[in-house]
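# Overview (structure and organization)
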Amino acid sequence: MRGTTRALAVTTTAALALGLVACSPSGTTDGRKPVQQAVPTGDKKPAKPVTLTYWTSFLPEAALREALTAFEEAHPGVKVELRTFDESGYHGRLPKELAADKAADVVGLRIPAMTGEIRDRLRPVADWQDKVSAGWVDELDETAIERTEKAAGNGKLYAVPMGSSGGAVMYYNAGLLSELGMSFPERAADLETIVRRVKKELPDLEPVVFSGEPREQEELLFTIAGQTHPSLSDELLAGRERWNGPDVVSALTAYRSLFERGVLARSTLKLKGDRPAELFRSGKALFLVDDSGRSSMLSAFHRKTSKISVRNVGAGPFPTILPDAEPAVRSTPEVGLAVTKSSKHVAEAAALVEFLTAGDGVSAWAKSLTMVPAREDSRLESSAFATPEGKKGYAVIEELVRDGGSANVPDTVFLERAEGEVILDVAHGRLTARKAADRLQKEWSRGQ
């Protein structure tokens, strides 16, 4: 979440008791099976109201506010004070505040980037998960749990994943594509046909925009690779596959072919940051290649406060290229919730984590569509989507993210030192796929 540090507090007045565990017999409004929630025990009340502090840098504040209001209504006597931070500032501040025992009871953290760094200041989930409902962690995607454990570096679970993201996927101006009498391209050859027509009939429109930054091009390359070898990225980083093996050469060849055939324009490689999305949102591009986090453009909730000129945004997987390929993305658990060692309200903090990851709070924040919920049976109502095309596209993305092959987490040192530059040299036509693969293997071996 961007912007300056803000604070909000939503206050309730009655008391919380966590002595009994119950399950609503009626289920939830969106048709999911009910998750057991901690409920008050008779007339027993805590000695005084409890205030939880919750720090995070991710998810739209309005969506979090709605979820926290629902939590407080379900847990009388507990007040949640939320503080949201700018992403870059939060990553630097949180470890220092945790080390000084000044941070919150519950913290949201970027799982791949932060878990290992701050794990010693967090309570292992095994120490507190039984303070609320039995078996609630089992409601979450098993792969997301496993990858969150792996992020800690010692095989323990310190955070509970809220949701996952993946890429690369493709968004499109559904209204304009319909006017052209064309459907969403399933294969690169289909996309090539559309691009040629747009160049001829709509020369002021960019057919496809994307970020030319190394990380995003690495994501695109391994999306292509994953269409035929879903686990290739994981195997390369684990040393089980060679960077100059046939699968890497095949993926690099297919990747380069997109630029050689003009399916993707080399001139677009100069775009950075949010610029590709800006062009798409303003109606200046037909397709946008980005990660699943851009699915917020499909959300009715998001469009109320965002400037999106394109009225009807659809989405789908990046078109397949190689023979016998299947749509694919790499995915990873994005944001997790953890209970800090300094928390004095562990039971209440545990209840908040459960509510936001496996309970009724999921439906409140998930409608922003910024992450695919880790809760496996989570389903959004049609009203969450701006258009039917958006709903249909999100369902495809959701399935791909949950079934993702490799983790969407590169070796950042290798990416910055060699991989990113080599991939871009292939895109620009400065390196053949074979020479690029050999160089990647040489650089990888040198760094081991």
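Scroll up to find the structure this text is about.
Calculation criteria
Residues numbered from 1 in each chain as written. Predicted model: local features only at pLDDT ≥ 70, side-chain atom pairs only at ≥ 80, totals over all residues. Heavy atoms only, no water. Axes fitted to C-alpha atoms, helices over the stretch in contact; angles between N-to-C directions. Helix = DSSP H or I, 4+ residues; strand = E, 2+ residues; numbered from the N terminus. Parallel < 35°, antiparallel > 145°, perpendicular 65-115°, else oblique. Contact = heavy atoms within 4.5 Å. Nonpolar A, V, L, I, M, F, W, Y, C, P; charged D, E, K, R; others polar. Bend = angle between axes of the 7 residues up to and from the residue. Buried < 20%, exposed > 50% of the residue type's maximum accessible area, 1.4 Å probe, protein only. Polar contact = N/O pair within 3.5 Å; in protein donor to acceptor, adjacent residues only side chain to side chain. Pairing = 2+ DSSP bridges. Right-handed = clockwise from strand over helix to strand, strands pointing away. Core = buried A, V, L, I, M, F, W, Y, C linked by side-chain atoms within 4.5 Å. Salt bridge = Lys/Arg side-chain N within 4 Å of Asp/Glu carboxyl O.

## So, the packing of helix α15 (residues 412-427) against helix α16 (residues 433-447)
Two numbers describe how α15 lies on α16: the axes approach to 10 Å, and their chain directions differ by 175°. Judged by the angle between their axes, α15 and α16 are roughly antiparallel. In this structure, α15 uses F414, R417, A418, E419, V422, D425 and V426 to contact α16, whose residues at the interface are A436, R439, L440, E443, W444, R446 and G447. Residue composition of the contact of α15 with α16, by class: seven nonpolar, one polar and six charged.

## Points about α15
A418 marks where α15 bends most, by close to 50°. F414, L415, A418, E419, G420, V422, I423, L424, D425, V426 and A427 are the residues of α15 that are buried. Contact partners of the buried residues in α15: α7 (214-226), α9 (246-260) and α16. Sitting at the amino-terminal end of α15 is D411, which places a side-chain oxygen 3.2 Å from the backbone nitrogen of V413.

## Focus: the pairing of strand β5 (residues 78-84)
Residue alternation in β5 divides its side chains into a buried set, V78, V80, L82 and T84, and an unburied set, K79, E81 and R83. Note: strand β4 (residues 50-56) against β5, seven bridges, orientation parallel. Looking at the pairing, W55 lines up with R83 of β5. At this point the chain moves from β4, through helix α1 (residues 61-74), to the parallel β5, and the crossover so formed is right-handed.

## What to know about the sheet that holds strand β9 (residues 206-209)
Hydrogen bonds between backbone groups are what pair the strands of a sheet, and the pairing can be parallel or antiparallel. Taken in spatial order, the four strands of this open sheet run β9-β10-β8-β11, and their pairing is mixed. Across the chains shown, the open sheet's two edge strands, defined by having one partner strand only, are β9 and β11 (313-317). Direction aside, the axes of adjacent strands within the sheet are offset by 20° on average. Note: β9 against strand β10 (residues 285-290), three bridges, orientation parallel. Paired with V208 across the strands is F287, a residue of β10. Helix α6 (residues 188-201) rests against β8 (169-173), β9 and β10 of the sheet, and its axis sits at about 135° to β9.

## So, unusual backbone geometry
Here the amide bond leading from G167 into A168 is cis, since omega sits at 5°, within 30 degrees of zero. Here A168 shows up in the loop between β7 (160-167) and β8. Notably, L59 is not glycine yet its phi reads approximately 85°, a positive angle. For L59, a relative accessible area of 4% translates into the label buried. Here D101, not a glycine, exhibits a phi torsion of approximately 55°, which is positive. Considering the arrangement of structural elements, one finds D101 in the loop between α2 (87-99) and β6 (106-110).

## Side note on the nonpolar core
Ranked by size, the top nonpolar core spans 66 residues in total, and within it Y54, W128, M162, Y171, L352, L356 and W365 carry the most contacts. Of all the elements, helix α12 (residues 346-357) adds the most residues to this core, at eight residues. If we skip the residues at most four places from it in the chain, L356 touches Y54, A67, L68, M162, L337, V362 and W365.

## Quick word on the pattern of salt bridges
Taken as a whole and judged by the stated rule, the model has 24 salt bridges. Here R196 ties to E192 by a salt bridge, and the two come within 2.9 Å at their closest N and O atoms. Pair noted here: R196 and E192 are both in helix α6, with a separation of four residues, about one helical turn. You can call E192 buried: its relative accessible area is 12%. For R261, the salt bridge is made with E192, and the minimal N-O distance between the two is 2.8 Å. On the criterion of sequence distance, the pair formed by R261 in the loop between α9 and α10 (275-281) and E192 in helix α6 is long-range, its members being 69 residues apart.

## Describing the pairing of strand β12 (residues 330-339)
Counting buried residues along β12, ten of its ten residues qualify, which places the element largely inside the surrounding structure. With five bridges joining them, β6 and β12 adopt antiparallel strand pairing. Each bridged residue has a counterpart across the sheet, and for L109 the counterpart in β12 is G336. As defined by bridge partners, β7 adjoins β12 across seven bridges and the pair is classed as antiparallel. For S165, the partnering residue across the bridge sits in β12 and is T332.

## Side note on the packing of helix α3 (residues 111-118) against helix α4 (residues 142-152)
As a packed pair, α3 and α4 sit with axes 7 Å apart at the nearest point and diverge in direction by 45°. As summarised for this structure, α3 and α4 are arranged oblique, according to the angle between their axes. Listed contacts from α4 to I111, P112, T115 and G116 of α3 are T148, A151 and A152. Across the contact of α3 with α4, the residue classes tally to four nonpolar, three polar and no charged.

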